[in-house]
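Coordinate inspection notes
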There are 2 protein chains.
Amino acid sequence: MAVKKIRNISFAGAGNVAIHLAPAMAGAGFRIRHIFSRTAAHAQSLADFTGSIASTDPGIIDDTTDLLLLAIPDQAIGEFASGLKKAGRYNGLIAHTSGTCPLSAISEHFGAAGVFYPLQTFSRFSTPEIRKVPVCIEADSVETETLLRQVATGISDDVRVIDSEHRALLHLSAVFACNFPNHLYVIASRILKQAGIGEDILLPLIRETALRLGDTDPLLLQTGPAVRGDLTTMQRHLHLLEDQPSILQIYKILSESIQEFEKYNKTSDIS
Amino acid sequence: MAVKKIRNISFAGAGNVAIHLAPAMAGAGFRIRHIFSRTAAHAQSLADFTGSIASTDPGIIDDTTDLLLLAIPDQAIGEFASGLKKAGRYNGLIAHTSGTCPLSAISEHFGAAGVFYPLQTFSRFSTPEIRKVPVCIEADSVETETLLRQVATGISDDVRVIDSEHRALLHLSAVFACNFPNHLYVIASRILKQAGIGEDILLPLIRETALRLGDTDPLLLQTGPAVRGDLTTMQRHLHLLEDQPSILQIYKILSESIQEFEKYNKTSDIS
C-alpha cells in the first residue's frame, strides 16, 4: 500500500452512520470522493451535502480514493468487499464501521483492511457531538492502524484500539446501554399516553438518570421500589399492568434482576 | 385552616427527597423550621444545612409550622400521620411526597392534606436542577391546592395537578424511564468490566440516547439489531451471554418486545 496519508475518503452506504461520519470528515478537511448507495436518492443527497459524486454502482470507486468506509449492513460486508476486489478498480485501504462484524470479513479480500467503529446511536432525527464519540479502530497492520488513527483523531477526541472479540462485547454492552433503555422509554410513554398525561413530564427524569452517571458506579445510583424491596408498590405496579402481559413480564424480570444485583452488592459490602 | 400563605415548612424524613427539597425551599425564601428523622445524624446534618431544628421526636412539630412535608417511606406515611394527629401539637397542612401512596392515607387523619410529588430520581451522589423537576400536586380542597402551588412554584417551573390514580400510573412509567434503564447501565458496565474495557466509553452513548428524546417519539428513535431484525447479530449476542442466564433472559425478552412494538408500528403506518 503506497498511501502515507489519507486525503480522499469514499463511502459505501448512505444510511445513518454515513450521514453523520461523512460530513464530520469533510469538516475535518478530508475530501469525500464517492458515495455509493443502492438507493440513488440517498447517495445523491449525502453527495450533495459533502461535495461528492453519487452512484448506485460500487464500480465507480477507484484508486483516487485512499480509504473506503463500508457503512452498510453487517450481512452485506463480506460480499461487497469480495465483489469490489473482483471489479479490480480499487486496491486501497478498506474499513467497515460495524460493531459486530469481525475484521476477517474484509481482510480476506483486501490487503489493507481495518475497522472504524463509532460507538454511538445514529438516527436521522439527531446529531450527536462527533468529537465526543469514541471511535474504535482495529487494523491488519501497524501501517493501516496509523492511517485509520489519522482519520479517527480528525473527527474525535476519543480513539481506542479494540480487537474484534472485544468489539463484539462492547457492541453487546451498547445494546444494554442504548437500545434497551430506549425501548423502555417507549413503554413509559405508552403508559402515560394511556393515562392521558403529557409525555414531556418524563424528560427531566430520563435526562437526570443518564447525566448523573460518570464517577459513580450505576449500582450505587439505583433507586425505585425493587432496590428498596418495597413489595407493596411492586404489587400495585403489577396490578396496573395485568392487561399487558409482555410489559408485565419485563417489569417482573427487571425487578428480579435489580434485587439479585442488590443482594450481591450487599454481600460484597460485608465481606 | 387559618393559614393564607406558607412561610414555615417542616420535614419528616431526612433522606434523598428531603435533602434535595429542603435546601431548594430554603433557597426560595421559605423558612425550614424542623427536621424530624429517626436517625439523629441525618436530621442534624440537614437541619444544619437549612438553619433548622433537628429532632428524633416527631412531637417537636407544632403550629409554628405551616406545612409539614412527609418525605418518609410509603408504608410509614399513614401511621406517622395518625400518631402526629394524636400528639395534638400540629394541626396545619400536611402533604406527603410519595409517587404511589394515595392522598387518603393522610387525609383521613388531617383536615388539610395534600400530595407534593417531585418526579425525579434523587440520590446523594447528584443534584438535579430543581426548577426543571415536575412537581405533581394533589389536594383535598381548593384552599390546600393554592397553598401547595405556592410552594411548588417557588422551587419549580413545572407544576401539575395530578390525582392519586394518575399519579400511580405516572410513578409506574417513571420506573420504566429511570429505575430499569439504570439497571441496564449496571449490566452494560458489568459486560465491559468482564471484557476489561473502560466503562467511560459508554457515557456519550447513554447521554445521546436520553438527550435526543423530546420532539420525537422514542419508537422512531429505536436502533439496534432487534428493530432491524438482524438475527445473526442477536444470535451472536445470545451466545456471548450463555453463561449468564438471567441477563440472557433480559436480552431475549426486551428484544422480543422491541420487535413486537415495531411490528405494530409498521402495521399502523400502512393502515
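Residues numbered from 1 in each chain as written. Chains lettered and ligands numbered in written order. Predicted model: local features only at pLDDT ≥ 70, side-chain atom pairs only at ≥ 80, totals over all residues. Heavy atoms only, no water.

On to the overall build of chain A, then. Within chain A one finds 10 helices and eight strands. Relative to its full complement of 271 residues, chain A shows a buried share of 58%. Of all intrachain contacts in chain A linking residues separated by at least 6 positions in sequence, the fraction that spans at least 24 positions is 57%. For chain A, the accessible surface area stands at approximately 11400 Å², while carbon and sulfur atoms represent 51% of it. When the 24 positive and 29 negative side-chain charges of chain A are each reduced to one mean point, those points stand 4 Å apart. (Helix = DSSP H or I, 4+ residues; strand = E, 2+ residues; numbered from the N terminus. Buried < 20%, exposed > 50% of the residue type's maximum accessible area, 1.4 Å probe, protein only. Contact = heavy atoms within 4.5 Å. Areas by Shrake-Rupley, 256 points an atom, 1.4 Å probe, with all protein chains shown as cover. Lys, Arg positive; Asp, Glu negative; His and termini not counted. Charge placed at Lys NZ, Arg CZ, Asp CG, Glu CD.)

Bringing the nonpolar core into the picture now. Membership of the largest hydrophobic core comes to 125 residues, with the highest contact counts inside it found for Phe176 of chain A together with Phe176 of chain B. Among the elements that make up this core, the one with the highest residue count is helix H6 (residues 164–195) of chain A (17 residues). Apart from the residues lying within four places of it in its own chain, the contact partners of Phe176 of chain A are Pro181 of chain A together with Leu184, Ile187, Ala188, Ile191, Leu241, Ile247, Ile250 and Tyr251 of chain B. One finds Ala47, Leu69, Phe116 and Ile155 of chain B within the second-largest nonpolar core, a separate group that totals 33 residues. (Core = buried A, V, L, I, M, F, W, Y, C linked by side-chain atoms within 4.5 Å.)

Take the sheet that holds strand S1 (residues 8–12) of chain B next. Residues and elements named next belong to chain B. The eight strands lie next to each other as S3-S2-S1-S4-S5-S6-S7-S8, forming an open sheet whose pairing is mixed. Lying at the two open borders of the sheet, with one neighbouring strand each, are strand S3 (53–55) and strand S8 (159–161). Averaged over all pairs of adjacent strands, the angle between strand axes in this sheet comes to 25°, irrespective of strand direction. One ladder, built from four bridges, connects strand S4 (residues 67–70) with strand S5 (residues 93–96); its direction is parallel. (Pairing = 2+ DSSP bridges. Axes fitted to C-alpha atoms, helices over the stretch in contact; angles between N-to-C directions.)

Turning next to the environment of Leu67 of chain B. Residue and element names in this part refer to chain B. With respect to the helices and strands, the residue Leu67 is situated in strand S4. According to the relative accessible area criterion, Leu67 is buried, its value standing at 0%. Along the chain, Leu67 and Ile32 lie 35 residues apart, while their C-alpha atoms are 9.8 Å from each other.

Moving on, we come to the interface of chain B and chain A. Contact residues are listed per partner, giving 91 residues for chain B and 92 residues for chain A. Both faces considered, chain B and chain A share a buried interface measuring about 8600 Å² in area, 71% of it formed by carbon and sulfur atoms. The three residues of chain B that bury the most area against chain A are Phe176, Ile201 and Leu205 of chain B, which together make up 8% of that side's buried surface. Counting across the interface, chain B meets chain A through two salt bridges. Between Arg160 of chain B and Asp200 of chain A there is a salt bridge; the shortest N-O distance is 3.0 Å. Between the two partners, chain B and chain A, sit 32 residue pairs in polar contact (both at pLDDT 80 or more). Looking at the side of chain B that touches chain A, the elements that each hand over two or more residues are helix H3 (74–87), helix H6 (164–195), helix H7 (203–211), helix H9 (231–240) and helix H10 (245–270) of chain B. Sort the elements by how many residues they give to the side of chain B that touches chain A and H6 of chain B lands first, with 28 residues. Looking at side-chain class alone, the side of chain B that touches chain A contains 52 nonpolar, 26 polar and 13 charged residues. (Buried area = accessible area lost by both parts, 1.4 Å probe. Salt bridge = Lys/Arg side-chain N within 4 Å of Asp/Glu carboxyl O. Polar contact = N/O pair within 3.5 Å; in protein donor to acceptor, adjacent residues only side chain to side chain. Nonpolar A, V, L, I, M, F, W, Y, C, P; charged D, E, K, R; others polar.)

All names here are of chain B. Across the five residues that make up strand S7 (residues 135–139), a large majority, four, are buried. Judged from the five bridges that link them, strand S6 (residues 113–118) and S7 form a sheet pairing that is antiparallel. By the bridge assignment for S7, Tyr117 is matched with Cys136. By the bridge criterion, three bridges tie S7 to S8 in an arrangement that is parallel. By the bridge assignment, Val135 is partnered in S8 with Val159. For the crossover that starts at S7, traverses helix H5 (residues 142–155) and ends in the parallel S8, the hand is right-handed. (Right-handed = clockwise from strand over helix to strand, strands pointing away.)

By a frequent convention, interface size equals the accessible area lost on bringing the separate parts together. Residue and element names in this part refer to chain A. Partitioning chain A into structural domains gives domain 1 (8–162) and domain 2 (168–270). Using only C-alpha atoms to locate each centre, domain 1 and domain 2 end up separated by 36 Å. In this complex, domain 1 contributes seven residues to the contact, which on the side of domain 2 involves five residues. Of the roughly 460 Å² buried at the junction of domain 1 and domain 2 (both faces included), carbon and sulfur atoms supply 80%. (Domains from an automatic or database assignment.)

Another point: H5 of chain B. Since the α-helix turns once every 3.6 residues, residues separated by three or four places project in the same direction. Residues and elements named next belong to chain B. Relative to the 20 Å expected for 14 residues at 1.5 Å per residue, H5 spans 20 Å between its end C-alpha atoms, a close match to the ideal helical length. Restricting attention to buried positions, one finds in H5 the residues Thr144, Leu147, Leu148, Val151, Ala152 and Ile155. Buried residues of H5 fall within an arc of 135° about the axis and therefore sit on the same side. (Expected span 1.5 Å × (residues − 1). Arc of directions from axis to C-beta.)

Now for the packing of aromatic side chains. Residues and elements named next belong to chain A. Under the definition given, this model contains 10 aromatic pairs over all chains. Ring geometry for Phe176 versus Phe180: centroids 5.1 Å apart, planes at 85°, classification edge-to-face. Placement of both Phe176 and Phe180 in helix H6 is noted, with a separation of four residues, approximately one turn of the helix. Judged by its relative accessible area of 0%, Phe176 falls in the buried class. Above the face of the Phe110 ring, Lys85 is positioned so that its terminal group lies 5.1 Å from the ring centre. (Phe/Tyr/Trp six-rings, centres within 6.5 Å; stacked < 30°, edge-to-face > 60°. Lys NZ or Arg CZ within 6 Å of the ring centre and 35° of its normal.)

Quick look at the UniProt feature "domain: DUF2520" (unreviewed entry) in chain A now. Annotation from UniProt places "domain: DUF2520" (unreviewed entry) at residues 133–258 of chain A. From the first C-alpha to the last, residues 133–258 of chain A spans 29 Å; its make-up is 66% helix and 6% strand. (UniProt positions renumbered as here; feature names shortened; annotations may be inferred.)

This part takes up the relation of the copies chain B and chain A. In the superposition of chain B on chain A (RMSD 0.0 Å, axial shift 0.0 Å), the rotation amounts to 180°. The symmetry that links the two subunits is that of a two-fold axis. Scanning chain B for the C-alpha nearest the rotation axis identifies Pro181 of chain B, at a separation of 2.4 Å. (Least-squares fit on C-alpha atoms with pLDDT ≥ 70 in both.)

So, about the environment of Leu70 of chain B. Residue and element names in this part refer to chain B. Here Leu70 lies in strand S4. C-alpha separation for the pair Leu70 and Ile201, spaced 131 residues apart in sequence, amounts to 40 Å. Residues in contact with Leu70, not counting those within four places in the same chain, are Ala12, Ile77, Phe80, Ile94, Ala95, His96, Thr97 and Ile106.

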